[in-house]
Every structure is written in C-alpha cells, then in structure tokens.
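One-letter residues, chain by chain:
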Amino acid sequence: MKILITAGPTREPLDPVRYLTNRSSGRMGYALAEAAVAEGHLVDLVSGPVSLIPTDGVKMHFVETAQQMWEKVRQLTLGEPPPQLAIHAAAVADYRPKVVAEQKIKKQADTLILELERNPDVLGSMRGAFGFTGYLVGFAAETQNLVANAQEKLKRKGCDLVIANDVSRKDTGFDSTENEVMLCLPSGETELIPKQSKQTLAREIIRRVVALASQ
Ligand code: PMT
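All of the points below concern the structure found in this document. Nothing here was measured: the structure is a model prediction, and the numbers come from that model. (Residues numbered from 1 in each chain as written. Predicted model: local features only at pLDDT ≥ 70, side-chain atom pairs only at ≥ 80, totals over all residues. Heavy atoms only, no water.)

**What about the overall build of the protein chain?**
Then step 1. From N to C terminus, the protein chain includes 5 helices and 12 strands.
Then step 2. Since a compact globule built from 215 residues should have a radius of gyration of about 17 Å, the 17 Å found for the protein chain is in line with a globular shape.
Then step 3. For the protein chain, the C-alpha atoms occupy an extent of roughly 60 × 40 × 35 Å along the three principal directions.
Then step 4. Taken across its 215 residues, the protein chain has 44% of its residues classed as buried.
Then step 5. Long-range pairs, those at least 24 residues apart, make up 60% of the contacts in the protein chain between residues at least 6 apart in sequence.
Then step 6. Carbon and sulfur atoms make up 50% of the accessible area of the protein chain, which totals about 11400 Å². (Helix = DSSP H or I, 4+ residues; strand = E, 2+ residues; numbered from the N terminus. Rg over C-alpha atoms; globule rule 2.2 N^0.38 Å. Buried < 20%, exposed > 50% of the residue type's maximum accessible area, 1.4 Å probe, protein only. Contact = heavy atoms within 4.5 Å. Areas by Shrake-Rupley, 256 points an atom, 1.4 Å probe, with all protein chains shown as cover.)

So this is what it looks like as structure tokens:
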C-alpha cells in the first residue's frame, strides 16, 4: 500500500536567526514510517526539522515551514498513483510571524509585540483542496477534553480516524520515547492503546489502520 506520513515540528522564521516552533521530536511519525516499511508498504515521509536518522527504504521529503509542508503534501497527494493511506503525525504550527525581518531584530523597547497570521491546515486540506479519497488519519494533541476535542477535529478535517494523545503529560506525547493514545472513530467509538514505546505503538497503529484502509 502507498502511505503518506507527516512528522516533526515546523519552523516559522521570524528573522534570519530566529523562529517559532514546538517540542515535537518527530519520533512518533518516524516510528510509523519505520513500521510501515517493515510491513512492505511504500512510504513517503514529509518531515519537519528533526535530529533523527531516517529508516532505509523510507522516501524522505524534508521541509521547514507549514507552507512548505502543505505544498509537499499537496504534490504527493496529487501524485500518480496517489497514496491510499495518509497519517498526519506532524505538529504543524497554526500561526507564523506575519512579517519575516530581513535582518536580525535588534533589542529596542522593553516589550516586543509579534503579529502572527494563520498557516494553512495540511490535514484539513486533504479532502477538499487536495481531493484525497483514501483513508485519512489525523493525530490530536490535547491538554484537556481529549476525546471531545479529537472528535471535533475528526469531523472538521474529514478524517476516518483520529489518534488522540494527552500532551500535558511528561511521560508521553511530545519529545518522549513512549506514548499512549486513544483511537477515535467517526461512530464515536474509542479505544485506548496503553503506554508503550513509540516503536511498538507504531507497529500496532500501522497494523490497525492498514486493516481499516483495506476494508
Ligand atoms: O514528534 P514527537 O515528539 O514524537 O511527538 C508526537 C506528537 C505528540 C507530535 C504526535 O503524537 C501528535 O500528536 N501529532 C499531532 C500534533 C498536533 O499538532 O496536533 P493538533 O491537535 O494541533 O492538530 C491536529 C491534526 O491536524 C494533526 O494531525 C496535525 O498534523 C494536523 N495539522 C494541524 C495544524 C495545521 N496547520 N496543519 C495540520 O495538518
């Protein structure tokens, strides 16, 4: 099966030396890519800036900003043949600085106000803008109301499955080696996959989503 995966953070420049980003290490997305290749699938991995070594056999596409990730995912989704399954594990910045200074911003007043503007929604563009008709999996990074927020994202972004993780915990989620997730289906059904290494969790997720995507 042809699978498209996104991973890692995006980096939104402020000036030539500074940027806005988040704590995503890319481990969850890279583990999914590794698990999928091990099962014999063809994997395109669109990755933000991380310090991980890509797995042999994974076709890598490196990007920095949310706009670049949107464009690369668009190209891959419109490719021939298109992916049959897409899993969006990247932590894409929702906003970017409205103005990127050409020179390093100098210290001046005691406070500095940054104006931000919305980034495109990569996952949210899959159904409409990119015309994706395959099985669509989103992640949801939540600090409260895990299932309710994940269900809202599932509907709003046209997903077949949302994998929700509680990112307020220190032992799972962002930048940890382990994760615990709740699978949220359009029927309202949920299933907890308990805490384990991101590698073993990724194998379980790939096994399940490939089965669902093949129905
Ligand atoms: O990278 P790790 O350190 O291993 O951590 C893994 C993880 C916590 C980053 C991962 O498990 C995870 O939850 N990824 C999604 C993080 C996120 O940004 O969630 P969100 O709830 O803000 O976004 C919901 C979904 O929309 C996600 O699939 C996201 O990729 C997508 N999105 C969000 C905003 C945007 N502009 N474009 C998007 O495609």
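**Some points on the nonpolar core**
Then step 1. Residues Leu32 and Ile87 are the most contacted members of the largest nonpolar core, which totals 31 residues.
Then step 2. Elements that contribute at least two residues to this core include exactly strand 1 (2-7), helix 1 (27-38), strand 4 (42-47), strand 6 (85-88), strand 9 (135-142), strand 10 (161-166), strand 11 (178-184) and helix 5 (198-213).
Then step 3. Top element by residues in this core is helix 1. It accounts for 8 residues.
Then step 4. Discounting residues that sit within four places of it in the chain, leucine 32 has contacts with Ile5, Ile87, Ala89, Phe139, Ala202, Ile205 and Ile206.
Then step 5. Of all hydrophobic cores here, the second largest spans 22 residues; its members include Met69, Ala86, Met126 and Ala140. (Core = buried A, V, L, I, M, F, W, Y, C linked by side-chain atoms within 4.5 Å.)

**Describing unusual backbone geometry**
Glycine aside, residues mostly have negative phi, and peptide bonds are mostly found in the trans state.
Then step 1. Omega for the bond connecting glutamate 80 with proline 81 falls within 30 degrees of zero, at -5 degrees, which places this linkage in the cis form.
Then step 2. Relative to the assigned elements, proline 81 resides in the loop between helix 2 (66-77) and strand 6.
Then step 3. In the Ramachandran plot, asparagine 145 falls in the positive-phi region, its phi being about 45 degrees despite a non-glycine side chain.
Then step 4. Residue asparagine 145 is classed as exposed on the basis of its relative accessible area of 53%.
Then step 5. Phi at aspartate 175 is positive, roughly 55 degrees, even though this residue is not glycine.
Then step 6. Given a relative accessible area of 43%, aspartate 175 falls into the partly exposed group.

**Topic: a nonpolar patch on the surface**
Then step 1. Together, Tyr95, Leu112, Leu114 and Leu116 make up a nonpolar patch on the protein surface, roughly 390 Å² of accessible area in all.
Then step 2. Tyrosine 95 gets classed as partly exposed once you look at its relative accessible area, which sits at 40%. (Patch = residues over 30% accessible without salt bridge, like charges linked within 9 Å, V, L, I, M, F, W, Y side chains within 5 Å. Salt bridge = Lys/Arg side-chain N within 4 Å of Asp/Glu carboxyl O.)

**Overview of the site of the ligand**
Then step 1. Neighbouring residues of the ligand: 27 residues in total, closest Ser24, Ser25, Ala90, Lys153 and Asn165.
Then step 2. One nitrogen or oxygen atom from the main chain of histidine 88 is found 2.8 Å from an oxygen atom belonging to the ligand.
Then step 3. Between the ligand and proline 120, the relevant distance is 3.0 Å, taken from a nitrogen atom to a main-chain nitrogen or oxygen of the residue.
Then step 4. Expressed as a share of its isolated accessible area of 770 Å², the protein-covered part of the ligand is 95%.
Then step 5. Contributions of two or more residues to the shell around the ligand are made by helix 1, helix 3 (122-125) and strand 9. (Near = heavy atom within 4 Å. Polar contact = N/O pair within 3.5 Å; in protein donor to acceptor, adjacent residues only side chain to side chain.)

**A short note on the sheet that holds strand 12 (residues 190-197)**
Then step 1. Pairing is mixed across the open sheet formed by 8 strands, whose spatial order is 5-4-1-6-9-10-11-12. What marks the edges here is a single partner per strand, and that holds for strand 5 (59-62) and strand 12. Across the sheet, the axes of successive neighbouring strands diverge by a mean angle of 20 degrees, strand direction being ignored.
Then step 2. Both strand 1 and strand 6 contribute to a ladder of 4 bridges, which runs parallel. Residue pairing across strands places isoleucine 5 opposite isoleucine 87, the latter belonging to strand 6. (Pairing = 2+ DSSP bridges. Axes fitted to C-alpha atoms, helices over the stretch in contact; angles between N-to-C directions.)

**Digging into the side chain of serine 125**
Then step 1. Relative to the elements of secondary structure, serine 125 occurs in helix 3.
Then step 2. When residues no more than four places from it in sequence are discounted, the contact partners of serine 125 are Trp70 and Phe130.

**A word on the state of the cysteines**
By definition, a disulfide links the sulfur atoms of two cysteine residues through a covalent bond.
Then step 1. Across all of its chains, the model carries 0 disulfides by this definition.
Then step 2. Considering cysteine sulfurs only, cysteine 184 is the nearest to cysteine 159, which forms no disulfide, with 11 Å between them.
Then step 3. Given a relative accessible area of 6%, cysteine 159 falls into the buried group.
Then step 4. The class for cysteine 184 is buried, based on a relative accessible area of 0%. (Disulfide = S-S within 2.5 Å.)

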